[in-house]
Amino acid sequence: MKPLIAVIDYEMGNLHSVAKALEKAGGRVQVTDLPDAIRRADAVVLPGVGAFGEAVKRLSAKKLVATIINALERNKPFLGICLGLQLLFERSEESARAKGLGWLKGNVIRFRMSRTSRLKVPHMGWNTVHGGPAAKTPALKGVTEGNYFYFVHSFYPAPQEKALVATSTVYGRPFCSSIANGRLFASQFHPEKSGDVGQRLLRNFVREVALCS
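K.L.:
Tell me about the overall build of the protein, residues and numbers included.
P.N.:
From N to C terminus, the protein includes six helices and 13 strands. At 16 Å, the protein has a C-alpha radius of gyration in line with the 17 Å of a compact globule built from 213 residues. Taking the principal axes of the C-alpha coordinates as reference, the protein spans close to 55 × 40 × 30 Å. Of all intrachain contacts in the protein linking residues separated by at least 6 positions in sequence, the fraction that spans at least 24 positions is 71%. Of the roughly 10,000 Å² of accessible surface on the protein, 50% is carried by carbon and sulfur atoms. Positive and negative side-chain charges of the protein, numbering 30 and 16 respectively, have mean locations separated by a distance of 3 Å.

K.L.:
Talk me through the sheet that holds strand β11 (residues 165-171); I want residue IDs and the actual numbers.
P.N.:
Pairing within the open sheet is mixed, and its eight strands lie in the order β2-β1-β3-β4-β13-β12-β11-β8. Because the sheet does not close on itself, it has two edges, and the strands there are β2 (28-32) and β8 (130-131). With four bridges joining them, strand β4 (residues 78-81) and strand β13 (residues 184-187) adopt parallel strand pairing. The residue bridging L79 from the neighbouring strand is F185, located in β13.

K.L.:
Summarise the packing of aromatic side chains; cite the residues concerned and give the values.
P.N.:
Aromatic ring pairs: the centre-centre distance and the angle between the two ring planes describe each pair. Overall, the coordinates contain eight aromatic pairs when judged by the stated rule. A ring pair is formed by F111 and Y156, whose centres lie 4.8 Å apart and whose planes are at 45°; its orientation type is tilted. With F111 in the loop between β6 (106-110) and β7 (123-128) and Y156 in strand β10 (residues 155-159), this pair connects stretches of sequence that are 45 residues apart. Residue F111 shares its accessibility class with Y156, and that shared class is buried.

Definitions and cut-offs
Residues numbered from 1 in each chain as written. Predicted model: local features only at pLDDT ≥ 70, side-chain atom pairs only at ≥ 80, totals over all residues. Heavy atoms only, no water. Helix = DSSP H or I, 4+ residues; strand = E, 2+ residues; numbered from the N terminus. Rg over C-alpha atoms; globule rule 2.2 N^0.38 Å. Contact = heavy atoms within 4.5 Å. Areas by Shrake-Rupley, 256 points an atom, 1.4 Å probe, with all protein chains shown as cover. Lys, Arg positive; Asp, Glu negative; His and termini not counted. Charge placed at Lys NZ, Arg CZ, Asp CG, Glu CD. Pairing = 2+ DSSP bridges. Phe/Tyr/Trp six-rings, centres within 6.5 Å; stacked < 30°, edge-to-face > 60°. Buried < 20%, exposed > 50% of the residue type's maximum accessible area, 1.4 Å probe, protein only.

Now the structure itself:
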């Protein structure tokens, strides 16, 4: 049987495209906001588009914070996408009063471009990834140096533990574009919008879920 992957629904993600991409990659997907359903799943995906503070507020209102932390503590296969990556950290400059999940040490910071820079914020479109200390994660198997992924964001994570950086990307300056730690992989880019290379990453994730389930 195909592994069951819970895509967390807190009304702030492009859930349909994420679910369809995971199904295409070989997963059996349940989009849910029910803690029991998330606990029963073989893997968890935390997507996200929007503001950090509002996301924290909605996760708390749906009583999903403890459920997410529990999945991470159990080393359940976990995929964070875009805002879903940022929420794993402690705080964000976007919402100074909001506390993130705090699973990873570090903050989320805003792109700052000089007045003479031609680069615009948000960083939107295709950009390349370059391997970091954690690049040997199974999620990136077959993803090569300089592959292009699709980005839409104004903020990016700055992990304290540099060993967690799976890929970096340059936009005005190098920034962390994905992290990996055990069965956790999370990216600032959108694999579900990144064509063949994004689909390869999702197939890798589903394959690892199947091995663990």
